Amino acid sequence: MTRVVSGSGTDVLVIGGGVIGLGVAWRAAQRGFAVVVVDPAHGGGAAQVAAGMLAPVTELQYGEEPLLRLGMASNERYAAFTAELSELTGLDTGYRRTGTLAVALDSDDREELRELHAFQQRLGLESHWLTGRECRRLEPMLAPGARGGLQVTGDHQVDPRRLSTALVRACERAGAQLLPAEATELLVEGDRVAGVRLSTGELLRAERIVLAAGCRSHLLPGLPEGVLPAIRPVKGQVLRLRIPRPYAPFLSRNVRAVVRGKHVYLVPRADGELVIGATTEEQGYDTTVTAGGVYELLRDAHELVPGLTELPLVETGAGLRPGSPDNAPLLGPTALPGLVAATGHYRNGVLLAPVTGDLLAEYLTTGTVPELAVPFSPSRFGTKVPA
């Protein structure tokens, strides 16, 4: 692979080769920029663990209306986004319009879902209340005690691993260069970024740098204090089961619930995989799979769908979600000229990949922050470069 070094004329350098960084790089390269993506393992990161639910409506929390709008905009782009990727690369991304069923397992859950449904209705979102019997008619494998639920047909799914592979190939087809190296130092000259030092010892200069390194974005050596808030790692353990042919179809859509105050979801793939997730743990950068995490996920999922204990458990894993102080992404220019943020997507990195790529490519082209990205400016935390 050709090495790009100092003086090479790189327009945009993307630090981080996960789905966010690759999405930005692909769209920027399509607009004619000379793009380089630096990452030790392109297509890796949290997407290798993520379940891939595209669920802006059922993930909605009170007070997150701007994030809802961003998520809805990205979800609306997904069909065309994945179709374009598949046409360009010949690869299937696992995108499915399955819908989501959020289930209440007891009376307290039902009241909470009822309140959420009322909130969704006030915002004009499409969701439908179902009785427990109606839920079980849609998904016969549900526990008999299901007390009701919300059907959201607009929440879909994608396979993040396949998506990552397709984005890597799409970047290459668009002319972006993928360097298998680590950015070890941000270079600042005068009042703006100038490039990075690589783990290979080389210097890579670029007019603009997009920082898309997830929960390690703020740890880049050389980044001036105050430019970015801390992006905390939030651990999530995930299980992957296999649905043998005699059991298929086991589930026909994403199914989720709150069990003992903890969220659990099941995502059935077309290829027979069933993903169960995910724990939420503030454990720093630890990615150890624990017996307790596996037990809790299986226990809670079993209460929702008892028959899953008959399925083979084929994989366990843990990844790190990049959480900003308000759990919403950082999108757009920072206080350091030339440095652009695309990080802090927390639970929504896969969902927000299409819209993040589009918004950042538009900013890189026009110099104007798109309206949809304005609420997610890195400066909303009062961050600045010290005088």
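Keep in mind that what you see is a predicted model, and the values were worked out from it rather than measured.

A cluster of acidic residues, D106, D108, E111, E112 and E115, forms a negative patch at the surface. One can find E111 in helix 3 (residues 107-122).

Here the focus is the pattern of salt bridges. As enumerated under the stated definition, the model contains 22 salt bridges in all. A salt bridge links R240 to E273, with the shortest nitrogen-to-oxygen separation between them at 3.2 Å. Placement of R240 in strand 12 (residues 232-242) and of E273 in strand 15 (residues 273-277) is noted, with a sequence separation of 33 residues between them. The class of R240 is buried, set by a relative accessible area of 3%.

Here we take up the pairing of strand 14 (residues 262-268). The element strand 14 is extensively covered by neighbouring structure, given that five of its seven residues are classed as buried. With five bridges joining them, strand 13 (residues 254-259) and strand 14 adopt antiparallel strand pairing. Across the sheet, A257 pairs through a bridge with V264, a residue of strand 14. Between the end of strand 13 and the start of strand 14, which pair antiparallel, lie two residues, with R260 showing a positive phi angle near 50°.

According to the stated counting rule, one finds four aromatic pairs in the structure shown. Ring plane angle 80° and centroid distance 5.6 Å describe the contact between Y78 and F81, whose orientation is recorded as edge-to-face. In this pair, Y78 and F81 both sit in helix 2 (residues 65-89), three residues apart, roughly one turn of the helix. With respect to class, Y78 is no different from F81; both count as buried. An aromatic cluster is present here, built from W26, Y78, F81 and Y95 joined pairwise through their rings. Above the ring of W26, the side-chain terminus of R27 is found at 4.2 Å from the ring centroid. For R232, the ring lying beneath its charged end belongs to Y346, and the centroid distance is 5.5 Å.

Let's shift gears to the side chain of D155. By the element assignment, D155 lies in the loop between strand 6 (148-152) and strand 7 (156-157). R256 is the oppositely charged side chain nearest to the buried, salt-bridge-free D155, at an N-O distance of 5.7 Å. One polar contact links D155 to T58, side chain to side chain, over a distance of 2.6 Å. Look past the residues within four positions of D155 in its chain and what remains in contact with it is L54, A55, P56, V57, T58, N75, T98, G99, T100 and N254.

A few words now on helix 1 (residues 19-30). Look at helix 1: 16 Å from first C-alpha to last across 12 residues, which is about the 16 Å you get at 1.5 Å a residue. Most of helix 1 sits inside the fold, with 11 of its 12 residues counted as buried. Buried within helix 1 we find V19, I20, G21, L22, G23, V24, A25, W26, R27, A28 and A29. Of the residues trailing helix 1, G32 is marked for its positive phi of about 95°.

Within the secondary structure, A213 sits in the loop between strand 11 (203-211) and strand 12. Relative accessible area serves as the criterion here: at 27%, A213 is assigned to the partly exposed category. Counting along the chain gives 30 residues from A213 to A183, while the straight-line C-alpha distance between them is 9.8 Å.

Since the α-helix turns once every 3.6 residues, residues separated by three or four places project in the same direction. End to end, helix 7 (residues 353-366) covers 20 Å across 14 residues, agreeing with the expected 20 Å (1.5 Å per residue, within 8%). The buried fraction of helix 7 is high, at 10 of 14 residues. A353, P354, V355, T356, G357, L359, L360, A361, Y363 and L364 are the residues of helix 7 that are buried. Buried residues along helix 7 sit against strand 1 (10-15), helix 1, helix 2, strand 11, strand 17 (330-333) and strand 18 (339-343). Immediately downstream of helix 7, the backbone of G367 shows phi near 80°, a positive value.

What counts and what doesn't
- Note that residues are indexed from 1 along each chain, following the sequence as it is written.
- Since the coordinates come from a predicted model, pLDDT governs what is reported: local features require at least 70, and pairs of side-chain atoms require 80 or more to be given and counted, while whole-chain, interface and lining totals use all residues.
- Derived side-chain values reflect all non-hydrogen atoms in the structure, with water molecules and hydrogen atoms excluded from consideration.
- Without a salt bridge and with relative accessible area above 30%, a residue can belong to a patch; like charges are then joined within 9 Å and nonpolar side chains (Val, Leu, Ile, Met, Phe, Trp, Tyr) within 5 Å.
- Surface exposure here means Shrake-Rupley accessible area, sampled with a 1.4 Å probe, where a residue is shielded only by the protein chains that are shown.
- Salt bridge criterion: a side-chain nitrogen from Lys or Arg within 4 Å of a carboxyl oxygen from Asp or Glu.
- Under the counting rule used here, the positive set is Lys and Arg, the negative set is Asp and Glu, and His together with the chain ends is not counted.
- Each charge is placed at NZ for Lys, CZ for Arg, CG for Asp and CD for Glu.
- What counts as a helix is a DSSP run of H or I of at least four residues, what counts as a strand is a run of E of at least two, and both are numbered from the N terminus.
- A 1.4 Å probe rolled over the protein chains alone gives each residue an accessible area, and that area as a share of the maximum for its type sets the label: buried under 20%, exposed over 50%, partly exposed in between.
- By this definition, two strands are paired if DSSP reports at least two bridges between them.
- Side-chain rings of Phe, Tyr and Trp, where Trp is taken by its six-membered ring, are said to pair if the distance between their centres is within 6.5 Å; with planes under 30 degrees apart they count as stacked, over 60 as edge-to-face, and otherwise as tilted.
- In this analysis the charged atom, NZ for Lys or CZ for Arg, is taken to sit over a ring once it is within 6 Å of the ring centre and within 35 degrees of the ring normal.
- By the criterion applied in these results, polar contacts are pairs of N or O atoms within 3.5 Å in which, for protein atoms, one can donate a hydrogen and the other can accept it, and in which residues neighboring in sequence qualify only through two side-chain atoms.
- Any two residues whose heavy atoms approach within 4.5 Å at even a single point are treated as in contact.
- Residue count minus one, scaled by 1.5 Å, sets the expected span of a helix.

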